[in-house]
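If you want the building blocks of each chain, they are given just below.
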Amino acid sequence: MEKILWELVQLVRQQSPLVHNITNYGVMNNTANALLAAGASPIMAHAKSEIKEMIAISHSVVINIGTLDEYWSESMIMAADTAHSTGKPWVLDPVGAGATSFRDEVLNRLLPYQPTVIRGNASEIIALAKANITVTKGVDSTAKSNEAIDAARSLAGQYEAIVCISGETDIILDHQQEIFIKNGHPLMTKVTGLGCSATALIGAFIGIAENKVLAVAAAMAVIGIAGELAAEESNGPGSLQVNLTDKLYSITEQEFSSRLKIERL
Ligand SMILES: Nc1ncnc2c1ncn2[C@@H]1O[C@H](COP(=O)(O)OP(=O)(O)OP(=O)(O)O)[C@@H](O)[C@H]1O
Ligand SMILES: Cc1ncsc1CCO
Ligand SMILES: [Mg+2]
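This is a predicted model, so every value here is computed, not measured. (Residues numbered from 1 in each chain as written. Chains lettered and ligands numbered in written order. Predicted model: local features only at pLDDT ≥ 70, side-chain atom pairs only at ≥ 80, totals over all residues. Heavy atoms only, no water.)

Draft legend 1. Structural context of the pattern of salt bridges. Enumeration over the complete set of coordinates arrives at 8 salt bridges. In this structure, Lys-48 and Glu-74 form a salt bridge, with 2.5 Å as the shortest nitrogen-oxygen distance. Here the residue Lys-48 occupies a position in the loop between β2 (41-44) and α3 (51-57), and Glu-74 occupies one in helix α4 (residues 70-86), the gap between them amounting to 26 residues. Judged by its relative accessible area of 26%, Lys-48 is partly exposed. On the accessibility criterion, Glu-74 (42% relative accessible area) is partly exposed. Linking Asp-150 and Arg-153 is a salt bridge whose minimum nitrogen-to-oxygen distance equals 3.5 Å. Residue Asp-150 and its partner Arg-153 are both found in helix α7 (residues 144-159); the two are separated by 3 residues, about one turn of the helix. (Salt bridge = Lys/Arg side-chain N within 4 Å of Asp/Glu carboxyl O. Helix = DSSP H or I, 4+ residues; strand = E, 2+ residues; numbered from the N terminus. Buried < 20%, exposed > 50% of the residue type's maximum accessible area, 1.4 Å probe, protein only.)

The structure is reproduced here in structure tokens:
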């Protein structure tokens, strides 16, 4: 497994996929830098007048609703529609799902365009499944991670999507398989938008890999391991952000393979 995932890390470096991002103001810069450091080529663009042409030349699309507004939500829906109808892989980051009815309405309009991947933290994945009125399965008040897995399974089944729940353990699943990755560092939660960077990296990996589940696993593994390596050299969140970008750029096969903590069911 290390070998296959490492080959995907190398493939992103060699092929430098163009990743079209409609993402949020909070993370636009660090997300673009994470993509560049990993070897991909980012383009941040949200004007409705250029969405279709931009998607035509891109390998994949990232839609992140972090700083949603009325104009951007229309761009996102147009982008999701275009990606879906032209067969471009796309990833949805449902930032703040469940926080407001506006977010939930926009998410419910995006989901029918069948994201290739949905990546959120546990509470976002739970909220997304709850907000989705066509989901018949209720969400039990059991332990949080189990609840997120049920929500993720439900979303994966309904939209034929791969769902990734990030956190201490990253869980990646589709209707057939579940992968658990236990890399990363708690300090990563003190830097804004590392989840958004993870989503953007997923965009890069699904843009070039045939096997989309392994693509998501490779993206989550590389950011988790880069985060661990970076945390060991950092004094706090500020230096972690900088060191993590450097590690995404410089990570070696030896570092990747010796640290990877993965389980596949
Ligand atoms: N407690 C933890 N221990 C180790 N790694 C963690 C922990 N929490 C998060 N991570 C890692 O941090 C990265 C971001 O995941 P997180 O779940 O914090 O995203 P998020 O909540 O969407 O963040 P944001 O909204 O700020 O972008 C992932 O690579 C994840 O594996
Ligand atoms: C802090 C913040 N607010 C909206 S988006 C964002 C970045 C983390 O998702
Ligand atoms: Mg997030």
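Now that the structure is up, let's keep going.
Draft legend 2. Quick look at the packing of aromatic side chains. Under the counting rule described, the total for this entry stands at 2 aromatic pairs. Note on Trp-6 and Phe-256: the rings are 5.5 Å apart at their centroids and 45° apart in plane angle, and the pair reads as tilted. Within this pair, whereas Trp-6 is found in helix α1 (residues 2-15), its partner Phe-256 is found in helix α11 (residues 253-259), the two being separated by 250 residues in sequence. Assessed through its relative accessible area of 6%, Trp-6 is described here as buried. Phe-256 sits in the buried class, given a relative accessible area of 0%. (Phe/Tyr/Trp six-rings, centres within 6.5 Å; stacked < 30°, edge-to-face > 60°.)

Draft legend 3. Structural detail: the site of ligand 2. Around ligand 2, the surrounding shell consists of Asn-24, Val-27, Gly-66, Thr-67, Val-95, Thr-192 and Cys-196. When the free accessible area of ligand 2 is taken as 280 Å², the share hidden by the protein chains comes to 59%. More than half of the atoms of ligand 2 fall within 2 Å of the grid points belonging to the largest pocket. Of the residues assigned to the shell around ligand 2, the class counts are 3 nonpolar, 4 polar and no charged. (Near = heavy atom within 4 Å. Areas by Shrake-Rupley, 256 points an atom, 1.4 Å probe, with all protein chains shown as cover. 1 Å grid on protein atoms, 1.4 Å probe; cavity = no way out; pocket = protein on both sides within 12 Å on 5 of 7 lines; lining within 4 Å. Sits in = over half its atoms within 2 Å of the grid points. Nonpolar A, V, L, I, M, F, W, Y, C, P; charged D, E, K, R; others polar.)

Draft legend 4. Quick look at the side chain of Thr-31. Tracing the backbone through its elements, the reader meets Thr-31 in helix α2 (residues 28-37). Excluding residues that lie within four positions of it along the chain, Thr-31 makes contacts with Asn-21, Met-44, Cys-196, Ser-197 and Ala-200. (Contact = heavy atoms within 4.5 Å.)

Draft legend 5. The arrangement of the site of ligand 1 in detail. By nearness alone, 17 residues border ligand 1, and Asn-121, Ser-166, Asp-170, Gly-195 and Cys-196 come closest of all. At a separation of 2.8 Å, an oxygen atom of ligand 1 approaches a polar side-chain atom of Asp-170. Between an oxygen atom of ligand 1 and a main-chain N or O atom of Cys-196, the distance comes to 3.0 Å. Comparing atom positions with the cavity grids shows ligand 1 to sit within the largest pocket. Listing elements by their share of the shell around ligand 1, those giving two or more residues are β5 (117-121) and α8 (194-208). Per-element accounting of the shell around ligand 1 gives the leading share, 3 residues, to α8. Class assignment of the residues belonging to the shell around ligand 1 gives a composition of 5 nonpolar, 9 polar and 3 charged. (Polar contact = N/O pair within 3.5 Å; in protein donor to acceptor, adjacent residues only side chain to side chain.)

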